[in-house]
Each structure stands twice: as C-alpha cells, then as structure tokens.
Amino acid sequence: MKNIIQHINKAFDHRIRLGIMSVLMVNESADFSTLKELLGVTDGNLASHIKALESEGYVGVEKQFIGKKPNTSYHATKMGKQAFTAHIDALEKLIRKE
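Just so you know, these numbers come straight off a predicted model, no measurement behind them. Residue positions are counted from 1 within each chain, in the order its sequence is given. pLDDT decides what is reported in this predicted model: residues at 70 or higher carry local features, side-chain atom pairs at 80 or more are listed and counted, and totals for whole chains, interfaces and linings draw on all residues regardless. Side-chain numbers come from the whole structure's heavy atoms, not from hydrogens or water.

### Focus: the overall build of the protein
Put simply, the test is: Here a strand is any run of E in DSSP of at least two residues, a helix any run of H or I of at least four, and the numbering for each starts at the N terminus. Burial classification: accessible surface area is computed with a 1.4 Å probe over protein chains only, and a residue below 20% of its type maximum counts as buried, one above 50% as exposed, and the rest as partly exposed.
Looking only at helices and strands, one finds four helices and three strands in the protein. Sequence-ordered secondary structure for the protein, helices as α and strands as β, is α-β-α-α-β-β-α. In terms of principal-axis extent, the alpha carbons of the protein reach across some 55 × 25 × 20 Å. Classification of the 98 residues of the protein by burial places 33% in the buried group.

Take a look at the structure:
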C-alpha cells in the first residue's frame, strides 16, 4: 500500500473539474450553458475550472456562431481522456486498497 495516492491527478481534485470531465467523457462535446446547468455553477466558476483543465491540455475548446450568437463547446482531448481514466482507476484502487 506504499504511495497509494501517487496516481491521483491533482487536476481533477475539485468537484467541478471532476464533473466537467465526467460530462465530457460520456458526451462527444458539451457547450458552456449545458455544463453550467448540469453542474449548477456560476459562469465565473465554470470558466475558471475549464481554463485550468484547458491549460493542462485535458479539454479542447471550439468557438463558433450559431446564427448571430456565439457558442463555445468543449471536448475531452485524447490526453484528457487518458489522464481522467488513470485518475478514476487510481481512485478505484484506493477504495479497494490494492
């Protein structure tokens, strides 16, 4: 049981970041409004956590216009999916104490 938490990724240690990645792992993408509604957070709070995940390379951003309205959508990158899967695996091992 030496170093049992060494594989837990600090980037996912906040519930909002965990929520963002959880949504993006099961959906191809999600827009800002959808994430905000699903997670029940403020614009600023969501934006800061997305920015943190984006700076790690875990989340990609696509900006476009739908009609005349701007729309920003997010997706988990390949690196983000791998890191999140490893994080979940580490949590499961911690719970099972492997």
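### With respect to the environment of D43
To keep things clear, this is the line we draw: By the convention used here, residues are in contact when the closest approach between their heavy atoms is within 4.5 Å. Polar contacts here mean pairs of N or O atoms no more than 3.5 Å apart (in protein, one a potential hydrogen donor and the other a potential acceptor; neighbouring residues in sequence count only if both atoms are side-chain atoms).
Position of D43 among the secondary structure elements: in helix α3 (residues 43–55). Separated by 22 residues in the primary sequence, D43 and M21 have C-alpha atoms spaced 17 Å apart. The residues contacting D43, other than those within four sequence positions of it, are F32 and K36. At 2.7 Å, the side chain of D43 forms a polar contact with the side chain of K36.

### Observations regarding the packing of helix α1 (residues 15–26) against helix α4 (residues 78–96)
To keep it simple, the criterion reads: Interaxial angles span 0 to 180 degrees and are taken between N-to-C directions of axes, which are lines fitted to C-alpha atoms, for helices over the stretch in contact. Crossings are classed by handedness, with left-handed meaning an anticlockwise turn of the near helix from the far one by less than a right angle and right-handed meaning a clockwise turn. Just so you know the grouping, Ala, Val, Leu, Ile, Met, Phe, Trp, Tyr, Cys and Pro go in nonpolar, Asp, Glu, Lys and Arg go in charged, and all remaining residues, Gly too, go in polar.
One way to put it is that α1 packs onto α4 with a least axis distance of 11 Å and a crossing angle of 115 degrees. Once α1 is placed against α4, the crossing between them reads as left-handed. Seen from α1, the contacting residues are L18, M21, S22 and M25; seen from α4, they are G80, K81, F84, T85 and H87. Taken together, the residues of the contact of α1 with α4 sort by class into four nonpolar, four polar and one charged.

### Focus: α4
Where we set the bar: The length a helix should cover is 1.5 Å for every residue beyond the first. The arc under discussion is defined with respect to the helix axis, by the directions toward the C-beta atoms.
For α4, with 19 residues, the first-to-last C-alpha span of 27 Å sits near the 27 Å given by 1.5 Å per residue. Every buried residue belonging to α4 is among G80, A83, F84, H87 and A90, and all of these are buried. Each buried residue of α4 lies within a common arc of 120 degrees when the element is viewed along its axis, so the set occupies one face. Opposite the buried face of α4, by more than 90 degrees, sit the exposed residues K78 and Q82. Looking at the packing, one finds that the buried side of α4 touches α1. Among the residues trailing α4, K97 stands out with phi positive, at a value near 60 degrees.

### Description of the side chain of N9
Looking at the element boundaries, N9 is found in the segment before α1. Residue classification places N9 among the buried residues on the basis of a relative accessible area of 18%. A polar contact of 3.1 Å, which involves the side chain of N9, links it to the side chain of Y58. Apart from residues no more than four positions distant in its own chain, N9 is found in contact with Y58, A83 and H87.

### Regarding the pairing of strand β3 (residues 69–76)
Along any regular strand, the residues point their side chains to alternate faces of the sheet. Where we set the bar: Should DSSP find at least two bridges between two strands, the strands are taken to pair.
Summarising the sheet, strand β1 (residues 30–31) and β3 pair through two bridges and their orientation is antiparallel. Bridge pairing links D31 to S73 in β3. The antiparallel pairing of strand β2 (residues 59–66) with β3 creates a hairpin that spans two residues between the two strands, and G67 there sits at a positive phi of about 70 degrees.

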